[in-house]
Amino acid sequence: MFELDIEMLKEQGLQLVDSAKKTAQDLADKGKNKLDLLNQQARLSKAQRQLGALVYSLHKAGEENPALVEKYIDAVAEVEKAIEEIKANMTDDERAEVEAQETAEDEEIEEEPIQLRGETKICPVCKAEVDGDALFCNHCGAQL
């Protein structure tokens, strides 16, 4: 009558397990890509804020420090490169989803005046007071 083929059931079970494993791995990879992208975007935002704060503080003080400004620009470019590398490793669907989210976020953002947090720290080299988020001292250029 009804005959069980144990080997066939075993093979089908293994195929289902492999399929589930592949699906779980794909989901984990997509999540990791999105998390990495979000982390880099946060780093980019911070680096851009720091560059703007540096340029503003130099201008306000009537000073120039092209080498320090260039360090900040290089830091921004490094993060932008990392973002592009992450996007290059995404599937077309993932990339389209991310770009759609970015477009929607850009449309939602209203221009608000920038408010500085007022957090500061002391440069270990020249002892100058610098912004708490600064990567480099805006007086001596030391990396913080």
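Anyway, here's the lowdown on the structure attached to this text. (Residues numbered from 1 in each chain as written. Predicted model: local features only at pLDDT ≥ 70, side-chain atom pairs only at ≥ 80, totals over all residues. Heavy atoms only, no water.)

Quick notes on the pattern of salt bridges
So, point 1. Going through the model one piece at a time under the given rule, you end up with six salt bridges.
So, point 2. With a shortest N-O distance of 3.2 Å, D26 and K22 are connected by a salt bridge. Residue D26 and its partner K22 are located together in helix α1 (residues 6–61), separated by four residues, close to a single helical turn.
So, point 3. Across the salt bridge formed by E97 and K34, the nearest N and O atoms sit 2.6 Å from each other. On the criterion of sequence distance, the pair formed by E97 in helix α3 (residues 92–108) and K34 in helix α1 is long-range, its members being 63 residues apart.
So, point 4. Taking relative accessible area as the criterion, E97 reaches 36% and is therefore assigned partly exposed. (Salt bridge = Lys/Arg side-chain N within 4 Å of Asp/Glu carboxyl O. Helix = DSSP H or I, 4+ residues; strand = E, 2+ residues; numbered from the N terminus. Buried < 20%, exposed > 50% of the residue type's maximum accessible area, 1.4 Å probe, protein only.)

Examining a negative patch on the surface
So, point 1. Residues D5, E7, E11 and D18 make up a contiguous surface patch of negative charge.
So, point 2. Among the structural elements, D5 can be located in the segment before α1.
So, point 3. Note on D5: relative accessible area 39%, which makes it partly exposed. (Patch = residues over 30% accessible without salt bridge, like charges linked within 9 Å, V, L, I, M, F, W, Y side chains within 5 Å. Areas by Shrake-Rupley, 256 points an atom, 1.4 Å probe, with all protein chains shown as cover. Lys, Arg positive; Asp, Glu negative; His and termini not counted. Charge placed at Lys NZ, Arg CZ, Asp CG, Glu CD.)

What about a nonpolar patch on the surface?
So, point 1. Nonpolar side chains collect at one region of the surface, where L4, I6 and L9 lie side by side and expose about 310 Å² of accessible area between them.
So, point 2. Of note, L4 is situated in the segment before α1.
So, point 3. Owing to a relative accessible area of 54%, L4 belongs among the exposed residues under this scheme.

Let's talk about the packing of aromatic side chains
So, point 1. Across all of its chains, the model carries one aromatic pair by this definition.
So, point 2. For the pair Y72 and F136, a centre-to-centre distance of 5.2 Å together with 70 degrees between the ring planes defines the contact as edge-to-face. Of this pair, Y72 sits in helix α2 (residues 66–88) while F136 is found in the segment after β2 (129–131), placing the two residues 64 residues apart along the sequence. Each member of the pair, Y72 together with F136, is buried. (Phe/Tyr/Trp six-rings, centres within 6.5 Å; stacked < 30°, edge-to-face > 60°.)

Here we look at the side chain of Q50
So, point 1. With respect to the secondary-structure elements, Q50 resides in helix α1.
So, point 2. What makes Q50 buried here is its relative accessible area of 5%.
So, point 3. Aside from chain neighbours lying at most four places away, what touches Q50 is Y72, D133, A134 and L135. (Contact = heavy atoms within 4.5 Å.)

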